[in-house]
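Spelled out, the chains give:
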Amino acid sequence: NEYNKNDPNPHSIVLEEENVRSNYVLTASGVIKPYPKDLPNELENSVFDLTVDDEIVDKFNKFNLMLKDETRSFSFFQRSGKLHILFGMERFVGSNNISIELDIKPNKEFRDEIIFSVDTFNSIINNNEDCNIDISVVKNGMLIKCVSDTFVNRYMVASSKNKQK
């Protein structure tokens, strides 16, 4: 079938093989905002930049598993001029959480927490495990750039809750 972007009706994709039939329901095309054709290589006005090394990935996976039932989000925040990653509920709520201090000093515009989905981030780092991964964070999202010898993947991820003032 020919794709019609003005068609308001929901559609589905059906995949069949012998005894298996999968039906994936899609939304009406007008509901989804168009994806930008070219993501930027760099973000202007980033509040901090971070290279994701093996140590960060190991800590992320370890603490994500420890608090798996607690939350599906993590946040970046600063304390005493140092960047931290927080797993668990918000840092001011009396709940289980784990904070990791990173040796990164965010710029002066970064004042509070920026919260992201654990599942989205986990999916990106696991699907690009053989890449060099760099993150640029702005007040309402982050650009994740994954570079290998043969390709470059760029992901724009919106914050799930933004407490920047």
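Computed from a prediction, not measured in an experiment: that's the story for all the values here.

For helix 2 (residues 118-127), the full list of buried residues reads Val 118, Phe 121, Asn 122, Ile 124 and Ile 125. Buried residues in helix 2, looked at end-on, bunch into an arc of 165 degrees, giving them a common side.

Sheets are built from strands that pair by backbone hydrogen bonding, the pairs being arranged parallel or antiparallel. On the basis of which strands lie adjacent, the open sheet formed by four strands has the order 3-8-9-10 and antiparallel pairing. Each of the sheet's edge strands pairs with one partner strand only, and the pair in question is strand 3 (48-52) and strand 10 (152-158). Within the sheet, the average angular offset between the axes of one strand and its neighbour, ignoring direction, is 15 degrees. Taken together, the five bridges between strand 3 and strand 8 (residues 132-138) define a ladder with antiparallel strand orientation. Note on strand 8: the bridge partner recorded for Phe 48 is Val 137. This element, helix 2, spans strand 3, strand 8, strand 9 (141-147) and strand 10 of the sheet and lies at about 15 degrees to strand 9.

Before going further, it helps to spend a moment on the packing of aromatic side chains. Applying the stated criterion across every chain, the model contains eight aromatic pairs. Taken together, a centroid distance of 5.0 Å and an interplanar angle of 65 degrees make the contact between Phe 48 and Phe 76 edge-to-face. Here Phe 48, found in strand 3, pairs with Phe 76, found in strand 4 (residues 73-79); they are 28 residues apart in sequence, far enough to count as distant. Between Phe 76 and Phe 116, the ring centres sit 6.1 Å apart and the planes meet at 70 degrees, which makes this aromatic pair edge-to-face. Of this pair, Phe 76 sits in strand 4 while Phe 116 sits in strand 7 (residues 114-117), and the two are 40 residues apart along the sequence. Residue class for Phe 76 comes out buried when judged on its relative accessible area of 1%. Through successive ring pairs, a cluster of aromatic residues spans Phe 48, Phe 60, Phe 74, Phe 76, Phe 110, Phe 116 and Phe 121.

Procedures and definitions
- Residues numbered from 1 in each chain as written.
- Predicted model: local features only at pLDDT ≥ 70, side-chain atom pairs only at ≥ 80, totals over all residues.
- Heavy atoms only, no water.
- Buried < 20%, exposed > 50% of the residue type's maximum accessible area, 1.4 Å probe, protein only.
- Helix = DSSP H or I, 4+ residues; strand = E, 2+ residues; numbered from the N terminus.
- Arc of directions from axis to C-beta.
- Pairing = 2+ DSSP bridges.
- Axes fitted to C-alpha atoms, helices over the stretch in contact; angles between N-to-C directions.
- Contact = heavy atoms within 4.5 Å.
- Phe/Tyr/Trp six-rings, centres within 6.5 Å; stacked < 30°, edge-to-face > 60°.

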